[in-house]
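Structural characterization, general
This is what each chain is made of:
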Amino acid sequence: MATAIEISGVTRRFGDTVAVDRLSLEVAAGEIFALVGPDGAGKTTLIRLICGALSPDAGELYVDGVDAVRQTARVQAMIGYMPQRFSLYPDLSVMENLRFYGDIFGVPRAEFGTRAQSLLDEFALAPFGGRLADELSGGMKQKLALACTLIHSPTTILLDEPTAGVDPVSRREFWRILYGINRSGTTIFVSTPYMDEAERADRVAFIIRGTIVSCGTPQDLKDHLRGDVIEIVCPQRAQARRALRDEPLVRSIEIFGETLHALVDSARDAMPPIQRRLDAAQLGGARLREIPPSLEDAFVARLTS
């Protein structure tokens, strides 16, 4: 299979801070690849290195076989980049923003109208072509930003937390659009803080302190989690978490929605002492059960290891 993005030994420093540390990674052409990591892990820096907005201090980057360091302009003409913050012009209309980005990327005027109308129709923005970008909802702004990213028909798109702060309904709609784009053969490289979005990707990489610590399909990452996960249902989640922090058999204990997830070596061995700890803390009403690990469990395990 062809390689869309190839990164080899890339390092980027900001003063004494190493944002990306000797990182190597390959993304296959036509796949959806998700990058997951905590704030400050190097996600945005890595995406900006790939698109040529930053230069590495060491290492090599290629996009569709083109050197992203030595042939930056050529790579930027081939890719689409959607930054984390809404970066379009608020005082221009939807169509004016599309036309502006079409001109930047050299879309022929004879082709622009057809491309723009197709994107507006696909993203349900056609009725709002004359509306100012600043007057759009958060979800519509993100769809407009994506439309502008796609106006020149890039082979690879880089999306930096594109749905951060967007409501769940709009997030699902955004990913429906991404699936359609991917089916046409476009490679999608996306960073996301949402594990349910990472689950939708073909492959996922966990990045911590500028280094890729795990990479594989979502199922592979869950299957390779060392240990068992115990779900604890307890109304007093914070108290239960405090009570279990010093339990030797609990490797990590985190709040997951309305429950707690405890990572242990063996659920069968750990549940009795966990129950005793909770009873001693007068939390005897807690319910325990072993559950299959989620992608978030796999990520937390790497984050706390």
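Quick look at the structure, then.

Reading the values: the criteria
- Residues numbered from 1 in each chain as written.
- Predicted model: local features only at pLDDT ≥ 70, side-chain atom pairs only at ≥ 80, totals over all residues.
- Heavy atoms only, no water.
- Helix = DSSP H or I, 4+ residues; strand = E, 2+ residues; numbered from the N terminus.
- Contact = heavy atoms within 4.5 Å.
- Areas by Shrake-Rupley, 256 points an atom, 1.4 Å probe, with all protein chains shown as cover.
- Lys, Arg positive; Asp, Glu negative; His and termini not counted.
- Charge placed at Lys NZ, Arg CZ, Asp CG, Glu CD.
- Disulfide = S-S within 2.5 Å.
- Buried < 20%, exposed > 50% of the residue type's maximum accessible area, 1.4 Å probe, protein only.
- Pairing = 2+ DSSP bridges.
- Axes fitted to C-alpha atoms, helices over the stretch in contact; angles between N-to-C directions.
- Phe/Tyr/Trp six-rings, centres within 6.5 Å; stacked < 30°, edge-to-face > 60°.
- Lys NZ or Arg CZ within 6 Å of the ring centre and 35° of its normal.
- Salt bridge = Lys/Arg side-chain N within 4 Å of Asp/Glu carboxyl O.

A count of helical and extended segments in the protein chain gives eleven helices and 14 strands. Sequence-distant contacts in the protein chain: of pairs separated by 6 or more residues, those separated by 24 or more amount to 68%. Element-wise, carbon and sulfur atoms account for 47% of the exposed surface of the protein chain, whose accessible area totals about 14400 Å². In the protein chain, 34 positive and 40 negative side-chain charges are present, and the distance between their average locations comes to 2 Å.

On to the state of the cysteines. Applying the stated criterion to the full structure yields zero disulfides. Considering cysteine sulfurs only, Cys51 is the nearest to Cys148, which forms no disulfide, with 16 Å between them. For Cys148, a relative accessible area of 2% translates into the label buried.

Residue position: Ala124 is located in the loop between helix 4 (109-122) and helix 5 (138-150). We classify Ala124 as partly exposed; its relative accessible area is 43%. For the pair Ala124 and Glu31, spaced 93 residues apart in sequence, the C-alpha separation works out to 25 Å.

For the rest of this paragraph, the subject is the sheet that holds strand 4 (residues 58-63). Strand order in the open sheet made by the four strands is 2-1-4-5, with antiparallel pairing throughout. Edge strands, defined here as strands with exactly one partner in the open sheet, are strand 2 (17-28) and strand 5 (66-67). Strand direction decides the pairing type here: strand 1 (residues 3-14) and strand 4, joined by five bridges, are antiparallel. Bridging from a neighbouring strand, Glu6 pairs with Tyr62 of strand 4. Taken strand by strand, helix 1 (residues 43-50) contacts strand 1, strand 2 and strand 4, and its axis lies near 120° from that of strand 1.

To continue, consider the packing of aromatic side chains. Counting across every chain of the model gives five aromatic pairs. Arranged with centres 5.0 Å apart and planes meeting at 75°, the rings of Tyr89 and Phe100 form a pair that is edge-to-face. With Tyr89 in the loop between strand 6 (79-82) and helix 3 (94-104) and Phe100 in helix 3, the pair connects residues that are eleven residues apart, well separated along the chain. For Phe100, a relative accessible area of 30% translates into the label partly exposed. An angle of 85° between the planes, with centres 5.5 Å apart, marks the rings of Phe100 and Tyr101 as edge-to-face. Members of the aromatic cluster, each reached through a chain of ring pairs, are Tyr89, Phe100 and Tyr101. The ring of Tyr194 carries the charged tip of Arg171 above its face, separated from the ring centre by 3.9 Å.

All right, on to the pattern of salt bridges then. One pass over the structure, following the stated rule, counts 17 salt bridges. A salt bridge links Lys141 to Asp134; the shortest N-O distance between them is 4.0 Å. Ionic pairing is found between Glu199 and Lys222, a salt bridge with its closest N-O pair at 3.3 Å. Here Lys222 lies in helix 8 (residues 218-223) and Glu199 lies in the loop between helix 7 (195-198) and strand 9 (203-208), a separation of 23 residues in the sequence. By relative accessible area, Glu199 is classed as partly exposed at 33%. The buried category is assigned to Lys222, whose relative accessible area is 15%. Via salt bridges that share partners, Glu122, Glu173 and Arg176 belong to a single interconnected network.

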